[in-house]
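# Notes for the structure review
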Amino acid sequence: MDKKLTKKQEVIQSQLLLRAVVWDIFQIEEADEYRLKSELKSFGLPVIQIREQAETNRSREKYKQAAACLSKLGILEKEALLITEDDDMAEYAYRQRDTDGYSGMGVVCYETETNRKDVSADMIVLGFEEIGIQFLDRVLKRRNGVPWNILYTERTMVREITLDDLDELYALYDGEGITDYTEPLYERQKEEAYTSSYIAYMYYYYGYGMWIVRDRKTGALVGRAGIEHRDIGNEVLMELGYLIGKQYQKKGYATEVCEAILAYAKEEIGINELHCFIHPDNHASLHLAKKLGFQMAETFDSEKEEFMHLRMNLR
């Protein structure tokens, strides 16, 4: 690597699943190509350039060429991401998981005027201006069913939930006072089905949701926090949610995590407004919301239970 990585880049590097990029793009802006390839190089990731092949079995031959290059580098196909503007190539690579035990490459297809609009890929992009290594790594993680690490604070790490977290979550929800103002978990079989569906749909389609909060040093479960949807009549509002385990309460963890999530919502997701709906007897939660900068909006009645409605403009 030419330059020493920053502390933030070192954290990103430590969690990379991505080990190589297969490059099959020819219509990209030169500046975007240079920036992206330079970033990949700075993290020590090889970029394998696809060479044009004869028209007969073209996609298959291009894929075999890329797979052979990866093999020489000791890199598995599932650790590599194909970036292509060739919709036939994207389709072929994407279908490998159906015939090769889910071991094929992840696929990012660059949409051009000549692409088919129904092309199969893990991600379809319209340009590369805002695409970097973390975006590409997250596409590959989604492809392989690996949870995203969302953000880090001084004391915590926030990531997507997995089924392996459920045992600790049940212990968390059994804590004194935890479910006074929060719905308990379902019984185990139903909770597993709900979590699997949540991962497959909420995370996949929106890229956010309720996440797990863990202690950076010990790995212990601190709680949950994140961004949910709440249906209000014909309107869907973005809601900040948080739940901190009893032993971590009154130690600043909720403030630390929620402030980081607010910054992430604004800067990474582009959310303009967030809401909180809090029971009026939940004084600790109301205090936290106001401390974060939420302001009273109006009350909201749901199934005859009144909540305080607070709103924050992130712009």
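In case you missed it, the structure is sitting above this.
Before going into details, it helps to say that this report is about the structure given with it. Keep in mind that this is a model prediction, so the values were computed, not measured.

### Re the overall build of the protein
Broken down by element type, the protein carries 9 helices and 13 strands. Reported as C-alpha extents along the three principal axes, the dimensions of the protein are approximately 70 × 45 × 40 Å. Relative to its 315 residues, the protein shows a buried fraction of 48%. A fraction of 62% describes how many contacts in the protein between residues 6 or more apart in sequence connect residues 24 or more apart. In the form shown here, the protein has an accessible surface area of approximately 17,300 Å², with 47% of it arising from carbon and sulfur atoms. Side-chain charges in the protein split into 41 positive and 56 negative, and the spacing between the mean points of these groups amounts to 6 Å.

### What about the nonpolar core?
In terms of nonpolar packing, the biggest core is built from 50 residues, with Leu169, Trp211, Ile227, Leu240, Tyr242, Leu274 and Phe294 touching the most fellow members. Excluding its chain neighbours within four sequence positions, the residues that come into contact with Leu240 are Gly226, Cys258, Ile261, Leu262, Leu274, His275, Cys276, Leu292 and Phe294. Phe43, Tyr110, Phe128 and Ile133 belong to the second largest nonpolar core, which has 23 residues in total.

### A word on the packing of helix H8 (residues 253-269) against helix H9 (residues 283-292)
The contact between H8 and H9 brings their axes to 11 Å, and the two run at 45 degrees. Comparing the axis directions of H8 and H9 gives the class oblique. The interaxial crossing formed by H8 with H9 has right-handed handedness. Contacts between H8 and H9 involve Ala254, Thr255, Cys258, Glu259 and Leu262 from the first element and Leu288, Lys291 and Leu292 from the second.

### Remarks on the sheet that holds strand E1 (residues 20-24)
Taken in spatial order, the 5 strands line up as E2-E1-E3-E4-E5 in an open sheet, and their pairing is parallel. The sheet terminates laterally at strand E2 (47-49) and strand E5 (123-125), the two strands that pair on one side only. Between one strand axis and the next, the sheet turns through 20 degrees on average, direction left out of account. Pairing of E1 with E2 involves 3 bridges; the strand directions are parallel.

### Quick notes on the pairing of E1
With 5 of 5 residues buried, E1 lies mostly within the body of the structure. Side chains Ala20, Val22 and Asp24 project from E1 onto one buried face, and the interleaved Val21 and Trp23 project onto a second face that is buried too. You can see the chain leave E1, run along helix H2 (residues 30-42) and come back into E2, and the turn it takes is right-handed.

Calculation criteria
- Residues numbered from 1 in each chain as written.
- Predicted model: local features only at pLDDT ≥ 70, side-chain atom pairs only at ≥ 80, totals over all residues.
- Heavy atoms only, no water.
- Helix = DSSP H or I, 4+ residues; strand = E, 2+ residues; numbered from the N terminus.
- Buried < 20%, exposed > 50% of the residue type's maximum accessible area, 1.4 Å probe, protein only.
- Contact = heavy atoms within 4.5 Å.
- Areas by Shrake-Rupley, 256 points an atom, 1.4 Å probe, with all protein chains shown as cover.
- Lys, Arg positive; Asp, Glu negative; His and termini not counted.
- Charge placed at Lys NZ, Arg CZ, Asp CG, Glu CD.
- Core = buried A, V, L, I, M, F, W, Y, C linked by side-chain atoms within 4.5 Å.
- Axes fitted to C-alpha atoms, helices over the stretch in contact; angles between N-to-C directions.
- Parallel < 35°, antiparallel > 145°, perpendicular 65-115°, else oblique.
- Left-handed = near helix turned anticlockwise from the far one by under 90°.
- Pairing = 2+ DSSP bridges.
- Right-handed = clockwise from strand over helix to strand, strands pointing away.

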